[in-house]
4 protein chains.
Amino acid sequence: MSNTFGHIFRLTTFGESHGTAIGGIIDGCPAGIDIDTAFVQAELDRRKPGQSSITTQRHEDDRIEFLSGIFEGKTTGAPIGFCIANADHRSADYDHLKNVYRPGHADYTYQQKYGIRDYRGGGRASARETATRIVAGAIAKLALRAIGIDITAYTTQIGNVAITKNYHELDLTQVENNIVRCPDAAAATQMVELIDACRRQGDSIGGIVQCVISGTPAGLGEPLYGKLQAELAYAMLSINAAKGFDYGSGFEQVAQTGSSLNDTFYTDHDRIGTRTNFAGGIQGGISNGADIYFRVVFKPTPTISKAQQTIDMGGNAVELAAHGRHDACVVPRAVPVVEAMAAIVLFDAYLQNRSATL
Amino acid sequence: MSNTFGHIFRLTTFGESHGTAIGGIIDGCPAGIDIDTAFVQAELDRRKPGQSSITTQRHEDDRIEFLSGIFEGKTTGAPIGFCIANADHRSADYDHLKNVYRPGHADYTYQQKYGIRDYRGGGRASARETATRIVAGAIAKLALRAIGIDITAYTTQIGNVAITKNYHELDLTQVENNIVRCPDAAAATQMVELIDACRRQGDSIGGIVQCVISGTPAGLGEPLYGKLQAELAYAMLSINAAKGFDYGSGFEQVAQTGSSLNDTFYTDHDRIGTRTNFAGGIQGGISNGADIYFRVVFKPTPTISKAQQTIDMGGNAVELAAHGRHDACVVPRAVPVVEAMAAIVLFDAYLQNRSATL
Amino acid sequence: MSNTFGHIFRLTTFGESHGTAIGGIIDGCPAGIDIDTAFVQAELDRRKPGQSSITTQRHEDDRIEFLSGIFEGKTTGAPIGFCIANADHRSADYDHLKNVYRPGHADYTYQQKYGIRDYRGGGRASARETATRIVAGAIAKLALRAIGIDITAYTTQIGNVAITKNYHELDLTQVENNIVRCPDAAAATQMVELIDACRRQGDSIGGIVQCVISGTPAGLGEPLYGKLQAELAYAMLSINAAKGFDYGSGFEQVAQTGSSLNDTFYTDHDRIGTRTNFAGGIQGGISNGADIYFRVVFKPTPTISKAQQTIDMGGNAVELAAHGRHDACVVPRAVPVVEAMAAIVLFDAYLQNRSATL
Amino acid sequence: MSNTFGHIFRLTTFGESHGTAIGGIIDGCPAGIDIDTAFVQAELDRRKPGQSSITTQRHEDDRIEFLSGIFEGKTTGAPIGFCIANADHRSADYDHLKNVYRPGHADYTYQQKYGIRDYRGGGRASARETATRIVAGAIAKLALRAIGIDITAYTTQIGNVAITKNYHELDLTQVENNIVRCPDAAAATQMVELIDACRRQGDSIGGIVQCVISGTPAGLGEPLYGKLQAELAYAMLSINAAKGFDYGSGFEQVAQTGSSLNDTFYTDHDRIGTRTNFAGGIQGGISNGADIYFRVVFKPTPTISKAQQTIDMGGNAVELAAHGRHDACVVPRAVPVVEAMAAIVLFDAYLQNRSATL
């Protein structure tokens, strides 16, 4: 397995959905960063289940417990160990899934790869693991705040309900004002309705998260293979249910020509900038100081109440219908996860860049 | 910088567009693989400039020279050093660009990051580096062939000219039969016309490459952060001009519900499969044995003949127009690069998977 | 910091001497290994404080708690998270050391490097961290047992009391029969007397641990930089108080010539071996199938009761004398740590070697 | 294989003794370092064969050729590719060794590990590879010079001829004044005589290299597993023929007590130091600002002219006697290799330390 993310600022995680706890170790975090535990907890709360009517009604309190690496409120340079207890596990709920390969889940592939699997709640493949990313992302955000880098993600599309406005036409302070985390209130209402309709039908729906990073200095990103966009893509595609990533002009402007997409440089009072930002803030894998923006598409959660045909480990046909507690749409809860992973990538790039020159 | 790609099978590369040579070291290649040098050269020829009327007319012969790691035609387990001489460099062509920040290029960001840059032909940021990836990819392909894994990429869209058929409705043996590398002959003709039109206007155009990997056994891919799709996304976004990646249902099927995208399992004579493949051959980051397919979107090359406004290092306004030898569309030459990077990822995943069980 | 050890089988650890807990994550452990928790605990007990009259009288129960990665008694391929609670911390004992740089300790260097330090019990620099290595080493030993590799370390010298016999002249089953872990009973008695004498004088003493690895198949070790002896040296020099490493002929046979140290090959019933083993079981960085043996020298613990002159953070002269609970000699408790690190290196080398050939 | 050394400043090498060339790629070198090519060449000349009457009479000119990463005399941040041509290979000299396992060499282990080996001149196992380390070490030295760190190694023992003086009692400017690289002229004469005597007898002899690093600021080294001494040990044990490493009090002062080895702190005009330096300049894995010193023991080269009994790949007994060109003692040529590896470790530690604090 490969349970470590990052180069200098590195997160290693452990834990299954129904074990004692999940947690992780953050290594390579510079000393002297003030840790606002309440902020870390607030970030966890943005991801936790049961936070609104459109998320799963499972209740997990997700209390952060730091075990090391912080002394008198500051990081010491030592690894930061942390745990989040698994409070609400009803493992017996999963006994009927012991031998079943659920469609759209990782049951079959884990079994093929490892010859054994913890079938309870998806085991290691559960999206519950993303809570540990939130913790590392929160610490990265606290460091980035000191550097002046700010990261905001939001829901830009659910099913066929999409915001058509660009991020700079939106008021991103409104993201947390609705349960679907969409800064356009009208679209948000439609999105919530769509998710509700899906749930009532025992179905699920996906969508797109947009993320905007502002305040990045020019110079972050490591050519050649560690281009900033490659690190971001790697981070995003490691999130459960993510199916794609693009940045800047991306897939949407594929029909445009070079002359219309080239961002031309200009000077304004000794500050160099570009008149447009089709590049998405990155050129040659290195940040240019403009806003970095990218999209991540998430598939509908595969756990649905509708009856589905599948097989068990013996190859026998089985009919399956999920009972109860699951999200009809993971996108709103994916928003803080996207931010967290972006924060880890950016802070790691910032630290790596310290070796660019002597 | 970060010029190494891969975990067990690792490529490290060097070289600028106008230096003596580019090259690399392939480390971690198992011993005993037959190296068909003619195949490696043929793969390089698929990428080389000047191969057709729609590619740059620069002539680079791109002869592979292996320096180590191969003995009597077989890999020995020792690192494979190789060089490709830079034959046709006219560095003087670039003197006028010495102090200019070309729009859409990495001149500005390299200067900001390193305080110095080799301005000749884009230096390290030149797509010429991708030739070294072709070499490592060709060796990975030779190894994958023995395992039964086959990789084919093709052009599926140029500007607004797109194939609408799915890959399994196409005859992929036709990819190399036209200069744009599109298996649909009618679309290929339109694509060539579009590229020609762009060139005549001194402009450029981008497009989309689709890649299909067949014969992958179930079990490849390292959860949690090293999911197979994350490794592929990382590989693809490290290619010059790539702006996005998706796999399986991706961005295109974002409006569909879980019940329509869940691939249901069935058994056919002891073989387990899924009736559909919206997953794109990967579940939970691990291959499930079905075809893996993904898309990569490329922006138009920023080098265009049309006059563009920009600035120099002193902040002075400059008008810029490229002379001569450049591609109006990099997509056809990106096709073998996409294949090469996919081959490296797959072979690396294959080797990593050997530690999944004791 | 760099709190991860290993390449495929990787241990990442966290925790300070006086925090809530220490612990770690073992990543890359193959699935399907039977975990004998009682064995892991027994290994921890070999290292724990207070186990005999010559070790520190601090009492730490050091109970292993596994949090993930083990399901129904077997490893699943998922990361193995574990904790060991810090039971007996009397942090107030350390208040007087808050501003003092203890001689021979890492107080000064941590302060210089990080600008902050957890002064309680040595913080992250405490040898207490080695308990986490024991856990990973125990799991590696369980895997190696299945492969047929066996690792035994023992005390070969304390101060000027040394065993003169070679390891194959000793009965290594006697190692655990005395509290100093020396297989020569007469020497063991002298060693215990020497340690007792040192303690009575408020002083401390060092020594040498010898380690023997038998049953290693030929082929383990990764040239060129990852030679098996280099990995072992790296592992051993990362242990607190270790000051040197040698293997095979080492420092002791420096005066001998090539003709006397070359191990000549012979064949015995299709088995190839060498008549002598000055090489120490490794040639060119790769195991040759013979016993691997090496030595690690440990300095006396710097914590002593004798009064010492030092300074505080303000540069003022301070007289220091440790009170109470510390080892007069760490060597007996280092024996299982040496074994654990050797086990991690060997198992990691075994997994790496799976990619030597296709 | 594992042909990359270093974390941020990384060397990856390739090449066999009798291939076209050996070489490497230095990645992660900061931009803006002045490269004095003459200095790099002079360092190579210190290692090259045929430099004196006591080294092998093979003639290899070992000309450094840089292929990338340097522009107008300065590093650019791009990877530095380099080659050294293999000028004087007489591969036919090795045909009789094709099937033979030479005693003390890596023939047998490479064959066992990889199932194939380049038998000419030891192939990848040849110490010729160390020339590439000299190149990276020279660049690290140029960077360290700017930081104020200086590295000097010397021969302190050959066979039973040893210097008894400590390094600070010697005049280290005399090291290059004799062919054995010993700063004590009288000892040097005896060492040369001993080596000559060994050669006349068709035998070989080993010895010990001492290395001193001065000017290191406090704070370098990454606890916990990447302790500075662990990185140095790893580097040194990766050198051909190295059998052991110790630093500070090491093996030699094993009989002394804690009270005599603890270095007590004092203050002198705001500068903190220790009155003694048994620690060897490192505490808790972190440099403390004092001189770092360590020893590396090298075995006699296994290539000797005396007849030796061994076997071939078929298991048949063979008598072997080396003809001609080989060193009777590798220690004098190992001196610059030790320095080079130390320089890489120190510069890498310097760059890593930049992330210690925010």
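Computed from a predicted structure; not experimentally measured.

*Asks:* Quick question: what am I supposed to make of the overall build of chain A here?
*Replies:* From N to C terminus, chain A includes 7 helices and 19 strands. In terms of overall dimensions, chain A is globule-like: its C-alpha atoms have a radius of gyration of 21 Å, near the 21 Å expected for 358 residues. Oriented by its inertia axes, the alpha-carbon framework of chain A measures out at about 70 × 50 × 35 Å. A separation threshold of at least 6 residues defines the contact pool for chain A, and within that pool the share at least 24 residues apart is 70%.

*Asks:* I would appreciate a short explanation of the relation of the copies chain A and chain D in the present structure.
*Replies:* Relating one copy of the chain to the other requires a rotation about an axis plus a shift along that axis. Under the fitted operation, chain A is carried onto chain D by 0.0 Å of movement along the axis and a turn of 180°, and the coordinates agree to an RMSD of 0.0 Å. On this basis, the relationship between the two copies can be described by a two-fold rotation axis. Relative to the rotation axis, the closest C-alpha in chain A is found at R354 of chain A, a distance of 3.4 Å. Most of the interface of chain A is mirrored in chain D: 100% of its interface residues are interface residues there too.

*Asks:* Where do I start with the interface of chain A and chain B in this structure?
*Replies:* Size of an interface, as often reported, equals the accessible area lost when the parts are brought together. Contacts between the two partners involve 97 residues from chain A, matched on the other side by 97 residues from chain B. Both faces combined, the contact of chain A with chain B buries some 7500 Å², and carbon together with sulfur accounts for 63% of it. Residue K113 of chain B pairs with E222 of chain A through a salt bridge whose shortest N-O separation is 2.9 Å. Grouping the amino acids of the side of chain A that touches chain B by side-chain chemistry returns 40 nonpolar, 43 polar and 14 charged. For strand β12 (residues 242–247) of chain A and strand β12 (residues 242–247) of chain B, the ladder comprises 3 bridges, and the chain directions are antiparallel. Each residue of the ladder has a partner; that of G244 of chain A, found in β12 of chain B, is D246 of chain B.

*Asks:* Which parts of the structure should I look at to understand the sheet that holds strand β1 (residues 4–5) of chain D?
*Replies:* Neighbouring strands of a sheet are bound in pairs by backbone hydrogen bonds; such pairs are parallel or else antiparallel. All names here are of chain D. Strand order in the open sheet formed by 5 strands is β1-β2-β3-β7-β4, and the pairing between neighbours is antiparallel. Every other strand in the sheet has two partners, leaving β1 and β4 (64–66) as the edge strands with one partner each. Here β4 runs beside strand β7 (residues 80–85); their pairing, made up of 3 bridges, is antiparallel. Across the sheet, the residue bridging to I64 is I84, located in β7.

*Asks:* Mind showing me how you'd approach the packing of helix α5 (residues 228–237) of chain C against helix α5 (residues 228–237) of chain D here?
*Replies:* Angle between the axes and distance between the axes are the two parameters that describe a pair of packed helices. Packing of α5 of chain C against α5 of chain D brings their axes to within 8 Å, and their N-to-C directions diverge by 165°. Put simply, α5 of chain C runs roughly antiparallel to α5 of chain D. For the pair α5 of chain C and α5 of chain D, the sense of crossing is right-handed. From α5 of chain C, Q229, A230, E231, A233, Y234 and L237 of chain C reach across to α5 of chain D, where they touch Q229, A230, E231, A233, Y234 and L237 of chain D. Here the residues of the contact of α5 of chain C with α5 of chain D sort into 8 nonpolar, 2 polar and 2 charged.

*Asks:* Would you mind showing me how to read the state of the cysteines here?
*Replies:* Simply put, disulfide is the name for a covalent bond between the sulfur atoms of two cysteines. All told, the structure shown has 0 disulfides over all chains when counted by the stated rule. No disulfide involves C198 of chain B; its nearest neighbouring cysteine sulfur is the one of C329 of chain B, lying 7.9 Å away.

*Asks:* I tried to follow the sheet that holds strand β18 (residues 308–312) of chain A on my own but got confused; where do I start?
*Replies:* All names here are of chain A. If you walk across this open sheet you meet the 3 strands as β8-β18-β19, and the pairing is antiparallel. The open sheet is flanked by β8 (100–101) and β19 (317–320), the only strands paired with a single partner. Where β8 and β18 come together, 2 bridges link them in antiparallel fashion. From the neighbouring strand, Y101 faces β18, where its bridge partner is I311.

*Asks:* Sorry, what's going on with the pattern of salt bridges here?
*Replies:* All names here are of chain A. Under the definition given, this model contains 80 salt bridges over all chains. Here D62 makes a salt bridge to R47, at a shortest N to O gap of 3.5 Å. Highlighted residues: D62 in the loop between α1 (37–47) and β4 (64–66) and R47 in helix α1, separated in sequence by 15 residues. The exposure class of D62 is buried, given its relative accessible area of 2%. If you follow the salt bridges from partner to partner, you end up with E43, R46, K141, E176, R181 and E339 in one network.

*Asks:* Whenever I open this one, the interface of chain A and chain D confuses me. Can you help?
*Replies:* Contact residues are listed per partner, giving 14 residues for chain A and 14 residues for chain D. Between chain A and chain D the total buried area reaches about 1200 Å² when both faces are included, carbon and sulfur atoms providing 57% of it. When residues of chain A are sorted by the area they lose upon contact with chain D, R354, S355 and L358 of chain A head the list and together hold 57% of the total. At the surface where chain A touches chain D, the tally comes to 0 salt bridges. Where chain A touches chain D, the interface holds 9 residue pairs in polar contact (both at pLDDT 80 or more). Put simply, the parts of the chain that give the side of chain A that touches chain D at least two residues each are α3 (130–147) and α7 (331–352) of chain A. Among the elements that make up the side of chain A that touches chain D, the one with the highest residue count is α7 of chain A (3 residues). Partitioned by chemical class, the residues of the side of chain A that touches chain D number 11 nonpolar, 2 polar and 1 charged.

*Asks:* Can you walk me through the packing of helix α1 (residues 37–47) of chain D against helix α7 (residues 331–352) of chain D in this structure?
*Replies:* Residues and elements named next belong to chain D. Remark: α1 packs on α7, axes separated minimally by 7 Å, with the N-to-C direction vectors making an angle of 140°. When the axes of α1 and α7 are compared, the pair comes out oblique. Between α1 and α7, the residues in contact are E43, R46 and R47 and R333, V335, P336, V337 and E339, respectively. In terms of residue class, the contact of α1 with α7 is built from 3 nonpolar, no polar and 5 charged.

*Asks:* Help me understand the packing of aromatic side chains, please; the structure alone is not making it clear to me.
*Replies:* Aromatic rings considered in pairs are described by the distance between their centres and by the relative angle of their planes. All names here are of chain C. Scanning the model with the defined rule gives 56 aromatic pairs over all chains in all. Aromatic pair F245 and F294: ring centres 5.4 Å apart, planes at 35°, arrangement tilted. Within this pair, whereas F245 is found in strand β12 (residues 242–247), its partner F294 is found in strand β17 (residues 292–298), the two being separated by 49 residues in sequence. Taking the relative accessible area as the measure of exposure, F294 reaches 1% and is therefore buried.

*Asks:* Honestly, helix α1 (residues 37–47) of chain B in this entry has me stumped. Any pointers?
*Replies:* What sets the pattern is the α-helix's 3.6 residues per turn: residues three or four places apart point alike. Residues and elements named next belong to chain B. Taken together, the buried positions of α1 are occupied by F39, V40, Q41, E43, L44, R46 and R47. Looking at the packing, one finds that the buried side of α1 touches β4 (64–66), β7 (80–85), α3 (130–147) and α7 (331–352). Where α1 begins, the capping side chain belongs to D36, and its oxygen is found 3.1 Å from the backbone nitrogen of A38.

*Asks:* Got a minute to help me understand the pairing of strand β17 (residues 292–298) of chain A in this structure?
*Replies:* If a strand is regular, its side chains alternate between the two faces of the sheet. Residues and elements named next belong to chain A. The buried fraction of β17 is high, at 7 of 7 residues. By the alternation rule, side chains of β17 split into I292, F294, V296 and F298 and Y293, R295 and V297, which are all buried. Sheet topology note: the strand β11 (residues 207–214)/β17 ladder contains 7 bridges and is antiparallel. Of the residues in β17, the one forming a bridge with V209 is V296.

*Asks:* Is there a simple way to explain the confidence of the model for chain A in this structure?
*Replies:* The predicted structure's coordinates, where accompanied by low pLDDT, should not be read in detail. Averaged over chain A, the pLDDT score is 94; the fraction of residues at 70 or greater is 97%. Interface confidence in the predicted complex, given as ipTM, is 0.97; pTM for the same model is 0.98.

*Asks:* Mind showing me how you'd approach unusual backbone geometry here?
*Replies:* Keep in mind that most residues, glycine aside, have a negative phi and that most peptide bonds are trans. Here the amide bond leading from P223 of chain A into L224 of chain A is cis, since omega sits at 20°, within 30 degrees of zero. Note that L224 of chain A resides in the loop between β11 and α5 (228–237). At A241 of chain A, a residue that is not glycine, the phi angle is positive and equals roughly 75°. Within the secondary structure, A241 of chain A sits in the loop between α5 and β12. Here the phi dihedral of R181 of chain B falls at roughly 60°; this positive angle occurs in a residue that is not glycine. Summarising the element assignment, R181 of chain B is placed in the loop between β10 (161–162) and α4 (185–200).

*Asks:* Would you take a moment to explain the side chain of R102 of chain D for this structure?
*Replies:* On the secondary structure map, R102 of chain D appears in the loop between β8 (100–101) and α2 (107–114). A distance of 2.8 Å separates the side chain of R102 of chain D from the side chain of D107 of chain D, its partner in a polar contact.

*Asks:* Honestly, the side chain of S287 of chain A in this entry has me stumped. Any pointers?
*Replies:* Topologically, S287 of chain A is positioned in strand β16 (residues 286–287). Assessed through its relative accessible area of 0%, S287 of chain A is described here as buried. For S287 of chain A, the side chain forms a polar contact with the main-chain oxygen of P217 of chain A, separated by 2.7 Å. Here S287 of chain A is in contact with T216, P217, A218, G219, L220, L228, G281, I282 and I292 of chain A together with T109 of chain B, once residues within four sequence places are set aside.

Procedures and definitions
- Residues numbered from 1 in each chain as written.
- Chains lettered and ligands numbered in written order.
- Predicted model: local features only at pLDDT ≥ 70, side-chain atom pairs only at ≥ 80, totals over all residues.
- Heavy atoms only, no water.
- Helix = DSSP H or I, 4+ residues; strand = E, 2+ residues; numbered from the N terminus.
- Rg over C-alpha atoms; globule rule 2.2 N^0.38 Å.
- Contact = heavy atoms within 4.5 Å.
- Least-squares fit on C-alpha atoms with pLDDT ≥ 70 in both.
- Buried area = accessible area lost by both parts, 1.4 Å probe.
- Salt bridge = Lys/Arg side-chain N within 4 Å of Asp/Glu carboxyl O.
- Nonpolar A, V, L, I, M, F, W, Y, C, P; charged D, E, K, R; others polar.
- Pairing = 2+ DSSP bridges.
- Axes fitted to C-alpha atoms, helices over the stretch in contact; angles between N-to-C directions.
- Parallel < 35°, antiparallel > 145°, perpendicular 65-115°, else oblique.
- Left-handed = near helix turned anticlockwise from the far one by under 90°.
- Disulfide = S-S within 2.5 Å.
- Buried < 20%, exposed > 50% of the residue type's maximum accessible area, 1.4 Å probe, protein only.
- Polar contact = N/O pair within 3.5 Å; in protein donor to acceptor, adjacent residues only side chain to side chain.
- Phe/Tyr/Trp six-rings, centres within 6.5 Å; stacked < 30°, edge-to-face > 60°.
- pLDDT = per-residue confidence, 0-100.

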